[in-house]
Amino acid sequence: RTYRGGWKSPGSNDIGVWALHLARQIVEKQQMPVCIINGAKGNTSVKELSPNFVIPVDNTAWIKDTQPYGNFYRRLMAWVTEAGLQGNIPALLYHQGEKQVGTKQYDTYYADFLELRKALYADFPGLEKIIMFQIKTGCGTGSIGWNVMFETQRQLARDLYPWVPSLLLRSAVGGPNRADRRVAP
């Protein structure tokens, strides 16, 4: 969506600044074609990105963003299917969690992420790994909430890795501090 005769600044229908720079580096340095589909939506929780989430009828902005698909997960699935890539996505970059800290819902993050992960592996048969970028401080609640979220993400990576090396945890420290850096489902 973003490279058409030259790299351009992302707009509302593009992949986002962070993904744009990543794609450009891969193409230029590795001389390898890349496709990045941004299924992210800022200010969402893991549960709100899951396949069975029902958008509240009073959230007209989200309803508009996801028409005619019904939710963000199904929108992503439709985009991937339309591109003919459903079985050809080896990795998913995941950067999400600030809303759980801001709304103090970090206690459900672990279980909610496992549910989302299960759906992703079922719906994307070529998916080999999820690379989770540990969230940065900046919005939401105080340091206790951030520390709980950091530890939860670390535990997910620790608990999942020994059996299936499918969740890699990476730090987002030093990355851009803007909402448009997201590359999540």
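Computed from a predicted structure; not experimentally measured.

**Here we look at the environment of Leu92**
Here is step 1 of the chain: Mapped onto the fold, Leu92 is located in strand β1 (residues 91-94).
Here is step 2 of the chain: Of the residues examined, Leu92 reaches a relative accessible area of 11% and is grouped as buried.
Here is step 3 of the chain: Sequence separation between Leu92 and Phe124 is 32 residues, and the spatial gap between their C-alpha atoms is 9.9 Å.

**Describing the environment of Met32**
Here is step 1 of the chain: Relative to the helices and strands, Met32 resides in the loop between α1 (17-30) and α2 (60-66).
Here is step 2 of the chain: A relative accessible area of 43% places Met32 in the partly exposed class.
Here is step 3 of the chain: Not counting the four nearest positions on each side in its chain, Met32 is found in contact with Ile26 and Val27.

**Quick word on α1**
Here is step 1 of the chain: Here α1 spans 19 Å end to end across 14 residues, near enough to the 20 Å set by a 1.5 Å rise per residue.
Here is step 2 of the chain: The complete set of buried residues in α1 reads Ala19, Leu20 and Ala23. Seen end-on, α1 carries its buried residues on one side only, within an arc spanning 105°. In α1, the exposed residues that point more than 90 degrees away from the buried face are Lys29 and Gln30.

Reading the values: the criteria
- Residues numbered from 1 in each chain as written.
- Predicted model: local features only at pLDDT ≥ 70, side-chain atom pairs only at ≥ 80, totals over all residues.
- Heavy atoms only, no water.
- Helix = DSSP H or I, 4+ residues; strand = E, 2+ residues; numbered from the N terminus.
- Buried < 20%, exposed > 50% of the residue type's maximum accessible area, 1.4 Å probe, protein only.
- Contact = heavy atoms within 4.5 Å.
- Expected span 1.5 Å × (residues − 1).
- Arc of directions from axis to C-beta.

Spatial relationships are all this shows, so hold off on functional conclusions.
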